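Structure at a glance
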Amino acid sequence: MTGVALGRFDVIVIGSGSGGRAVAGRLADAGMAVAMVESELVGGECPYWACMPAKALLRPVEAVAAARRIPGVAAQIENWNEVLGFRDDVTSGLDDHGKVARYTARGVTIIRGYGRLAGPGRVDVDGRVYATPRVVIATGSVTAPPPIEGLEATGYWTNRETMALNEVPERTAVLGGGPVGIELGQMLSRYGSRVCLIQSGPRLLDREEPRVGELLGRLLGEEGIEVRVGAQVTSVARAGAGVLVRFADGEDLQVSRLVVATGRRPRVWDLGLETVGIDPGDRGIDIDERCRASAGVWAVGDVTGAGQFTHVAAYQGRIACADILGQEARADYRAVPRVVFCDPEVAAVGLTSEQAADA
């Protein structure tokens, strides 16, 4: 990229999710000239399409379920529109003006558009070039759909469409028995959808202790969710107004809606990484213990593959800030906490017993 830079900043952050915001705010508070580039909503996935709306939709039916466990107590959702209004209030109606104002007040320049590296010390945002000696990449991750025949042509919901729903599907197939699939499946079931939770692996939550997945599968089944583990989906296709799901054993399942929750992949493409000598792998951008990716470039959050958690992204943001400010800090991932917000909740920290044995 040639041409005169439109502006110069001490740091440019590409992405405004949990990691990007942690970096931009701290460095601006430290007196640096900081720009934060965002092509969607300032705040990233968590406040609009993931953590926050999920909690807003999970909590009402969790409260109902808790009340129903008490003898003599009857509880139900009486006004669906008010539940949706609660969700929309939590997500600010998908309006980021409040967050923009807060970061602008701290001295952060918000640049709207798609940012990519254009060589050392240069960031291109939709054809506009900015100069900086330091770039922090915080572009997050996106849903990684499985290679199932007919999936793209048929269409499906991800967490985004599920969080934005206005009507509950009559019958839903959820692909993926990890944290997101379980949360979404139980939520939809408790709002009245007949849910089939499909996990290709031998158990739910296959990154946790085996017994946890077994117990959770039993509890979800007792709630009325059809749980299929070790189930291979070979194809999906439109079937009238719904979707036909075909399994490897020849069985078919017809549903109103298909939800894909089979994992996420780092958003590393079309970022100009090659212009600064970065070659990302399947897990994302390789970083050192100071979150350095190359000379003058740091990376934080899901894009690094260190763990797809908002608290990990914010933690890495603090590590990167310390390094940029000349302070001593090194990342340590040995005790990362994690929670699945199903009911009952599943929480863990650090290694599983199997991982500890392997180490």
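Residues numbered from 1 in each chain as written. Predicted model: local features only at pLDDT ≥ 70, side-chain atom pairs only at ≥ 80, totals over all residues. Heavy atoms only, no water.

A few words now on the overall build of the protein chain. For the protein chain, the count of helices and strands is 11 helices and 21 strands. Its C-alpha atoms give the protein chain a radius of gyration of 22 Å, within 12% of the compact-globule value 21 Å for 359 residues. For the protein chain, the spread of C-alpha atoms along the principal axes amounts to about 65 × 45 × 40 Å. Relative to its 359 residues, the protein chain shows a buried fraction of 49%. Long-range contacts, defined here as pairs at least 24 residues apart, represent 62% of the contacts in the protein chain between residues at least 6 apart. As displayed, the protein chain offers around 17,000 Å² of accessible surface, 50% of which is attributable to carbon and sulfur atoms. (Helix = DSSP H or I, 4+ residues; strand = E, 2+ residues; numbered from the N terminus. Rg over C-alpha atoms; globule rule 2.2 N^0.38 Å. Buried < 20%, exposed > 50% of the residue type's maximum accessible area, 1.4 Å probe, protein only. Contact = heavy atoms within 4.5 Å. Areas by Shrake-Rupley, 256 points an atom, 1.4 Å probe, with all protein chains shown as cover.)

A word on the sheet that holds strand S16 (residues 257–260). Read across the sheet, four strands follow the order S12-S11-S10-S16 without closing on themselves; strand pairing throughout is parallel. In this open sheet, the two strands that pair with only one neighbour each are strand S12 (226–229) and S16. On average, each strand axis in the sheet is tilted by 15 degrees relative to the strand beside it, whichever way the strands run. Of the strands in this sheet, strand S10 (171–175), strand S11 (194–199) and S16 are in contact with helix H8 (residues 179–190), which crosses S11 at around 165 degrees. (Pairing = 2+ DSSP bridges. Axes fitted to C-alpha atoms, helices over the stretch in contact; angles between N-to-C directions.)

Moving on, we come to the sheet that holds strand S15 (residues 252–255). Within a sheet, adjacent strands bond to each other through the backbone by hydrogen bonds, running parallel or antiparallel. Ordered in space as S13-S14-S15, the three strands form an open sheet in which the pairing is antiparallel. The open sheet terminates on both sides in strands that have one partner only, identified here as strand S13 (233–239) and S15. Taking each pair of neighbouring strands and ignoring which way they run, the sheet shows an average axis angle of 20 degrees. The sheet contact formed by strand S14 (residues 242–247) and S15 spans four bridges and is antiparallel. Counterpart to Leu 244 in the pairing with S15 is Gln 254.

When you line up the elements, Asp 96 lands in the loop between helix H4 (80–90) and helix H5 (97–105). On the basis of relative accessibility, which here comes to 3%, the residue Asp 96 falls in the buried class. At a separation of 2.8 Å, a polar atom in the side chain of Asp 96 contacts the main-chain amide nitrogen of Val 42. (Polar contact = N/O pair within 3.5 Å; in protein donor to acceptor, adjacent residues only side chain to side chain.)

On to the packing of aromatic side chains. Counted by the stated rule, this structure contains four aromatic pairs. Aromatic side chains Phe 9 and Tyr 130 sit 6.2 Å apart centroid to centroid with 50 degrees between the ring planes, which places their arrangement in the tilted category. Residue Phe 9 is found in the loop between strand S1 (7–8) and strand S2 (11–14), and its partner Tyr 130 is found in strand S7 (residues 128–131); the two are separated by 121 residues along the sequence. Side by side, Phe 9 and Tyr 130 carry an identical accessibility label, which is buried. (Phe/Tyr/Trp six-rings, centres within 6.5 Å; stacked < 30°, edge-to-face > 60°.)

Remark: a regular strand shows side chains that alternate across the two faces of the sheet. Of all five residues making up strand S3 (residues 34–38), five are buried, and the element is well covered by its neighbours. Taking every second residue as pointing to the same face, both faces of S3 are buried, with Val 34, Met 36 and Glu 38 on one and Ala 35 and Val 37 on the other. Taken together, the four bridges between S2 and S3 define a ladder with parallel strand orientation. Residue pairing across strands places Ile 12 opposite Ala 35, the latter belonging to S3.

What follows concerns the packing of helix H3 (residues 51–68) against H4. Closest axis-to-axis distance for the H3/H4 pair is 9 Å, and the angle between their directions is 155 degrees. For the element pair H3 / H4, the angle class is roughly antiparallel. As for the relative orientation of H3 and H4, their crossing is right-handed in sense. Touching Met 52, Pro 53, Ala 56, Leu 57 and Pro 60 of H3 are Val 83, Phe 86, Arg 87 and Val 90, all from H4. Residues belonging to the contact of H3 with H4 are distributed by class as follows: eight nonpolar, no polar and one charged. (Parallel < 35°, antiparallel > 145°, perpendicular 65-115°, else oblique. Left-handed = near helix turned anticlockwise from the far one by under 90°. Nonpolar A, V, L, I, M, F, W, Y, C, P; charged D, E, K, R; others polar.)

Note that every value here comes from positions in space, so none of it alone points to a role or purpose.
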